[in-house]
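# Structural overview for review
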Amino acid sequence: MVDALGVAVVGFGWMGRVHTQAYARVRHHYPQLALRPELVAVAEEVPGRAEEAAEQFGFACATRDWRAVAADPRVRAVSVTAPNFLHREIGVAMAEAGKHLWIEKPVGLTGEDARAVADAVAKAGVQGTVGFNYRNAPAVEAARDLIASGEIGTVTHVRIRLFSDYAAHPDGALTWRYERERGGSGVLGDLASHGADLARFLLGDIASLTADTAIFVPERARPTGATAGHALASGGEPGPVENEDYVSCLLRFASGARGVLEACRVSVGEQNNYGFEVHGTRGAVFWDFRRMNELAVSRGATYQDQPVSTVYVGPGDGEFAAFQPGAANAMGYDDLKVIEAYRFLRSIAEGRPYGATLADAVHSAAVLDAMAVSAESGAWVSLRTP
């Protein structure tokens, strides 16, 4: 018996569309899932956008006010893909209304925001999933298993990079993303949040760090109308960019391993160059998001001049088998969100968490807060487990 589950999406930019498409696809890939998501409501404050989404994807109703979603008894689960500054208010309200919550990272502007949402979810007894999608890649899960097995020895150091050019154009519109009050800590919350999650997912807790940040495009033009994504806006009134374009961070893990995390949103020539290199005493493992279904692995007992082999993930790795029948068949970004939707819905069906949770968001937010403190003070900052 498959039960229908009324779902809603709050915020219908690109990420809202990705969540909606994941709901539509999830049972195609996971027919054994005990819940069938039904698109009940979509909320978006930009005039006409919610109505367009309802017409295209089949939501039963559209609204400009997310509070209508919280009050709707037909809605049992909500995706929150609104801008960062709304995460706390909406996330807490949805949990208090008894809705299960799939919320995008960074879950607010600060660690305090993330903890407030996590506490509301725990108090309400609902399930909460967070959009740390890169950990869902079967190759990343395979790398984690490889590291845990000891095949590359004891991990000594890691480098995590997240470079993109989405904000590189000087005519990029001065949207909420570049304002401290609404966008928070810039590239820290946008990209480095994923890096912090990957670091902990692969290697465990971070004990301390020191960071440096910079703004390389200090001024942008204000948009004259509604924007979506990373639109250009030449000719508008100029205003200051208030949050970070770039962060570099040295990490010390509780295990004794060392790390470097670097993220930039204005890297000309870099399109979604996300990945990691993990080195151990007997080998290494490398992953590049742009070759999402591959790992480069060095293992053995040669040490010096030890070769590196390309390994293609297959049905035995992570959730690969739900999408492709054999190794080296490609998966894409949207598939990672289908995995996320599956784990969210499975959490609801079984009453226990699968995948990234609000606790993971709190850990990531604590790292981001420590980066900000370190960048301002120039000192190493110790982290305590939240």
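Right above here is the structure, for reference.
What this report covers is the structure whose coordinates are included nearby. (Residues numbered from 1 in each chain as written. Predicted model: local features only at pLDDT ≥ 70, side-chain atom pairs only at ≥ 80, totals over all residues. Heavy atoms only, no water.)

Between helix 1 (residues 14–29) and helix 9 (residues 333–350), whose axes approach to 8 Å, the crossing angle comes to 70°. Considering the angle they form, helix 1 stands roughly perpendicular to helix 9. Crossing of helix 1 against helix 9: the hand is right-handed. Counting all contacts with helix 1, which are made through Trp-14, Met-15, Val-18, His-19, Gln-21, Ala-22, Tyr-23, Arg-25, Val-26 and His-29, the residues of helix 9 involved are Tyr-333, Asp-334, Asp-335, Lys-337, Val-338, Ala-341, Tyr-342, Phe-344 and Leu-345. Considering only residue class, the contact of helix 1 with helix 9 consists of 12 nonpolar, three polar and four charged. (Axes fitted to C-alpha atoms, helices over the stretch in contact; angles between N-to-C directions. Helix = DSSP H or I, 4+ residues; strand = E, 2+ residues; numbered from the N terminus. Parallel < 35°, antiparallel > 145°, perpendicular 65-115°, else oblique. Left-handed = near helix turned anticlockwise from the far one by under 90°. Contact = heavy atoms within 4.5 Å. Nonpolar A, V, L, I, M, F, W, Y, C, P; charged D, E, K, R; others polar.)

Moving on, we come to the pairing of strand 8 (residues 206–214). In this structure, strand 8 lies alongside strand 11 (residues 246–253), joined through eight bridges in antiparallel fashion. Note that in strand 11 the partner of Thr-210 across the bridge is Leu-250. As defined by bridge partners, strand 8 adjoins strand 17 (residues 381–382) across two bridges and the pair is classed as antiparallel. Each residue of the ladder has a partner; that of Leu-209, found in strand 17, is Val-381. (Pairing = 2+ DSSP bridges.)

Applying the stated rule across the entire model yields 15 aromatic pairs. For the ring pair Tyr-30 and Tyr-342, a centre distance of 3.8 Å and an interplane angle of 0° mean the geometry is stacked. With Tyr-30 in the loop between helix 1 and strand 2 (35–43) and Tyr-342 in helix 9, this pair connects stretches of sequence that are 312 residues apart. We classify Tyr-30 as buried; its relative accessible area is 2%. Residues Phe-276 and Trp-287 carry aromatic rings whose centres are separated by 5.6 Å and whose planes lie at 35° to one another, so their mutual orientation is tilted. (Phe/Tyr/Trp six-rings, centres within 6.5 Å; stacked < 30°, edge-to-face > 60°. Buried < 20%, exposed > 50% of the residue type's maximum accessible area, 1.4 Å probe, protein only.)

So, about unusual backbone geometry. The omega torsion across Lys-105 and Pro-106 is 5°, close enough to zero to call that bond cis. Mapped onto the elements of the fold, Pro-106 is located in the loop between strand 5 (100–103) and helix 5 (111–124). Phi at Val-107 takes a positive value of approximately 60°, unusual for a residue other than glycine. In this structure Val-107 comes out as buried when scored by relative accessible area, which is 0%. A positive phi angle, near 75°, is found at Ala-328, a position not held by glycine. Take Ala-328: it is sitting in the loop between strand 16 (309–312) and helix 9.

Below, the discussion takes up the sheet that holds strand 11. Read across the sheet, nine strands follow the order 16-15-14-13-7-12-11-8-17 without closing on themselves; strand pairing throughout is mixed. Either end of the sheet is taken by a strand with one partner, and the two such strands are strand 16 and strand 17. Of the pairings in the sheet, the one linking strand 14 (residues 284–288) to strand 15 (residues 294–298) comprises three bridges and is antiparallel in character. Paired with Ala-284 across the strands is Ser-298, a residue of strand 15.

Time to look at the pattern of salt bridges. Applying the stated criterion to the full structure yields 27 salt bridges. Two residues, Arg-290 and Asp-288, come together in a salt bridge whose shortest N-O distance is 2.8 Å. Asp-288 sits in the buried class, given a relative accessible area of 18%. A salt bridge links Arg-343 to Glu-319; the shortest N-O distance between them is 3.5 Å. With a gap of 24 residues between them, Arg-343 in helix 9 and Glu-319 in the loop between strand 16 and helix 9 connect regions that are remote in the sequence. (Salt bridge = Lys/Arg side-chain N within 4 Å of Asp/Glu carboxyl O.)

The next thing to look at is the sheet that holds strand 6 (residues 128–130). Strands belonging to one sheet form pairs held by backbone hydrogen bonds; the direction of such a pair is parallel or antiparallel. The strand order across the open sheet formed by six strands is 3-2-1-4-5-6, and the pairing between neighbours is parallel. In the strand order of this sheet, the two ends are held by strand 3 (61–63) and strand 6, each with one partner. The mean angle between the axes of side-by-side strands here comes to 25°, regardless of whether they run parallel or antiparallel. Pairing analysis gives four bridges linking strand 1 (residues 3–10) to strand 4 (residues 77–80), with the strands arranged parallel.

What is shown is where atoms sit, not what they do.
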